[in-house]
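Here is how the chains run, residue by residue.
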Amino acid sequence: MARENETYQVLRVIGNNVVMVEGGKKSKEYVIIGKGIGFALKDTGVIDADDPRIEKLFRLEDREEWSQYQILLEDIDPKVMAITDEIISDISGAFPGTLNDKVYLALPSHIQFTIFRLRSGMDIVNPFLEETRMTFPKEYEIAYTAAEKISAAFGVEIPEDEVGFLTYHVYSAVSNVPVGQLVKASNLVSELMELVRQERKITFEHGSMNHVRLVVHLRFSIERILQGSLIDNPFVKHIKKEYKDEYKLAQRMGKIMQGKLSVDVPEEEICFLAMHLHRLIQTIEKNK
């Protein structure tokens, strides 16, 4: 039996597969994703809630966020939407489970702007490329394939720096961590790495095991702190007593993280970092 009252008024047809609507039981604004859902629709059209073409229906909670995406998507090239569908399919195949709905809006916006920048001769510089490649290897592979598809479809050469930015979108889609938060975390990792270099007079060779281990540890430490995921560290007293210098450095790093992230850094996390710093410094000393 059809649900007569559940219909959506079309506000804007973004592309063949993406439509912005208003309605449903709660009379809210939504984005509908579905193959061919926008084909031949007018902005005054109506979509039934039980339309079999509806694959995804979600709404942006924040009004400002809604307006931002509405502006960004109103002129999206249908070819960009088609490539986005392929890339999202690749992500779903590699990471079974529910994707962050915002990828359906953020990724095509990013791709279209990237194409514009490249065709305009603008450079794309990614200071976090190495760190991104080390921290998210599986996501990076998918992003690399995505870059090849974009390059072939639009006749532009996608630089590796852009692959790093696409990696953020892949990781955001599967982790629900906003892209902006990933960029913020990357900046913070760079600042913390520089502090370790200066304090302990350490020179890291990019891509070396020591470099990779510290980058990855810092990255996921920041993520745990942001998500409020507590770790059990039964060696807190031992670490504070035996690794005093490393603990002091870890405390300084913790204060920086707390200031940048606006969240408390648990003592267990600081001690875990101190333990990691001790192992790192010991390894470097042995290899001198």
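Described below are features of the structure shown in this document. (Residues numbered from 1 in each chain as written. Predicted model: local features only at pLDDT ≥ 70, side-chain atom pairs only at ≥ 80, totals over all residues. Heavy atoms only, no water.)

Comments concerning the packing of aromatic side chains
Any pair of aromatic rings gets described here by the distance separating the centres and the angle formed by the planes.
Next up, step 1: Tallied over the full model, the rule gives five aromatic pairs.
Next up, step 2: A centroid spacing of 6.4 Å and a plane angle of 65° characterise the contact between phenylalanine 165 and tyrosine 168, whose relative ring orientation is edge-to-face. Placement of both phenylalanine 165 and tyrosine 168 in helix H6 (residues 160-175) is noted, with a separation of three residues, approximately one turn of the helix.
Next up, step 3: On the basis of relative accessibility, which here comes to 1%, the residue tyrosine 168 falls in the buried class.
Next up, step 4: Lysine 79 extends its terminal NZ or CZ atom over the ring of phenylalanine 154, reaching a point 4.9 Å from the ring centre.
Next up, step 5: In this structure, lysine 138 is placed above the aromatic ring of phenylalanine 95, and the distance from its NZ or CZ to the ring centre is 4.5 Å. (Phe/Tyr/Trp six-rings, centres within 6.5 Å; stacked < 30°, edge-to-face > 60°. Helix = DSSP H or I, 4+ residues; strand = E, 2+ residues; numbered from the N terminus. Buried < 20%, exposed > 50% of the residue type's maximum accessible area, 1.4 Å probe, protein only. Lys NZ or Arg CZ within 6 Å of the ring centre and 35° of its normal.)

With respect to the pattern of salt bridges
Next up, step 1: Tallying each qualifying case throughout the model produces twelve salt bridges.
Next up, step 2: With its nearest N and O atoms 3.3 Å apart, the salt bridge here joins arginine 197 to glutamate 194. Note that arginine 197 and glutamate 194 are positioned in helix H7 (residues 179-200) at a spacing of three residues, about one turn of the helix.
Next up, step 3: Residue class for arginine 197 comes out partly exposed when judged on its relative accessible area of 23%. (Salt bridge = Lys/Arg side-chain N within 4 Å of Asp/Glu carboxyl O.)

Side note on helix H10 (residues 244-261)
Next up, step 1: The terminal C-alpha atoms of H10, which comprises 18 residues, lie 25 Å apart, in line with the 26 Å expected from a rise of 1.5 Å per residue.
Next up, step 2: Buried residues along H10 sit in contact with H7, helix H8 (209-227), helix H9 (236-242) and helix H11 (267-286).
Next up, step 3: Among the residues trailing H10, serine 262 stands out with phi positive, at a value near 60°. (Expected span 1.5 Å × (residues − 1). Contact = heavy atoms within 4.5 Å.)

Comments concerning the nonpolar core
Within soluble globular proteins, side chains that are nonpolar tend to cluster in buried spots.
Next up, step 1: Core analysis: the biggest nonpolar cluster contains 35 residues, and Ile87, Ile91, Ile111 and Ile150 have the highest contact counts within it.
Next up, step 2: Of the residues forming this core, the biggest block, seven residues, is contributed by helix H5 (residues 137-154).
Next up, step 3: Counting 34 residues, the second largest nonpolar core, distinct from the first, contains Val196, Tyr247, Ala250 and Ile284. (Core = buried A, V, L, I, M, F, W, Y, C linked by side-chain atoms within 4.5 Å.)

Digging into the layout of surface pockets
Taking a probe equal in size to a water molecule and rolling it over the atoms shows the remaining empty space.
Next up, step 1: The space that makes up the second largest pocket amounts to roughly 250 Å³.
Next up, step 2: Every residue along the wall of the second largest pocket is listed here: Asn17, Ile33, Gly34, Lys35, Glu55, Lys56, Ala82, Asp85, Ile88 and Tyr104.
Next up, step 3: Per-element accounting of the lining of the second largest pocket gives the leading share, three residues, to helix H2 (residues 78-94).
Next up, step 4: Here the lining of the second largest pocket is built from residues that sort into four nonpolar, two polar and four charged. (1 Å grid on protein atoms, 1.4 Å probe; cavity = no way out; pocket = protein on both sides within 12 Å on 5 of 7 lines; lining within 4 Å. Points joined across faces, edges and corners; volume = space filled by probe spheres on them. Nonpolar A, V, L, I, M, F, W, Y, C, P; charged D, E, K, R; others polar.)

Side note on the sheet that holds strand E3 (residues 28-33)
Next up, step 1: Taken in spatial order, the five strands of this open sheet run E4-E1-E2-E3-E5, and their pairing is antiparallel. Pairing within the sheet leaves two strands with one partner each, and these edge strands are strand E4 (46-48) and strand E5 (56-58). Averaged over all neighbouring strand pairs, the angle between strand axes comes to 35°, with direction disregarded.
Next up, step 2: With six bridges joining them, strand E1 (residues 7-15) and strand E2 (residues 18-23) adopt antiparallel strand pairing. Bridge pairing in E2 places arginine 12 opposite methionine 20.
Next up, step 3: Each of E2, E3 and E5 is contacted by helix H3 (residues 103-119), which is oriented at about 95° to E5, the strand it contacts most. (Pairing = 2+ DSSP bridges. Axes fitted to C-alpha atoms, helices over the stretch in contact; angles between N-to-C directions.)

With respect to the side chain of arginine 224
Next up, step 1: Looking at the secondary structure, you find arginine 224 in helix H8.
Next up, step 2: Polar side-chain contacts of arginine 224 include one of 2.6 Å to the side chain of glutamate 269.
Next up, step 3: Not counting the four nearest positions on each side in its chain, arginine 224 is found in contact with His217, Ser229, Ile231, Glu269 and Phe272. (Polar contact = N/O pair within 3.5 Å; in protein donor to acceptor, adjacent residues only side chain to side chain.)

Here we look at H3
Next up, step 1: Over its 17 residues, H3 runs 24 Å from end to end, which matches the ideal 24 Å to within 8%, given 1.5 Å per residue.
Next up, step 2: Of all the positions in H3, only Val103, Tyr104, Leu105, Ala106, Leu107, Pro108, Ser109, His110, Ile111, Thr114 and Ile115 are classed as buried.
Next up, step 3: Taken from the residues just after H3, glycine 121 is the one with a positive phi, measuring 75°.

Things to note about unusual backbone geometry
Next up, step 1: A positive phi angle, near 65°, is found at asparagine 176, a position not held by glycine.
Next up, step 2: Mapped onto the elements of the fold, asparagine 176 is located in the loop between H6 and H7.

Describing the pairing of E3
Next up, step 1: Within E3, five of the six residues are buried, which leaves it mostly tucked inside the rest of the structure.
Next up, step 2: Looking at chain direction, E2 and E3 are connected through six bridges and run antiparallel. Within the sheet, the bridge partner assigned to valine 21 lies in E3 and is tyrosine 30.
Next up, step 3: What sits between the antiparallel neighbours E2 and E3 is a turn of four residues, in which glycine 24 has the positive phi angle 75°.

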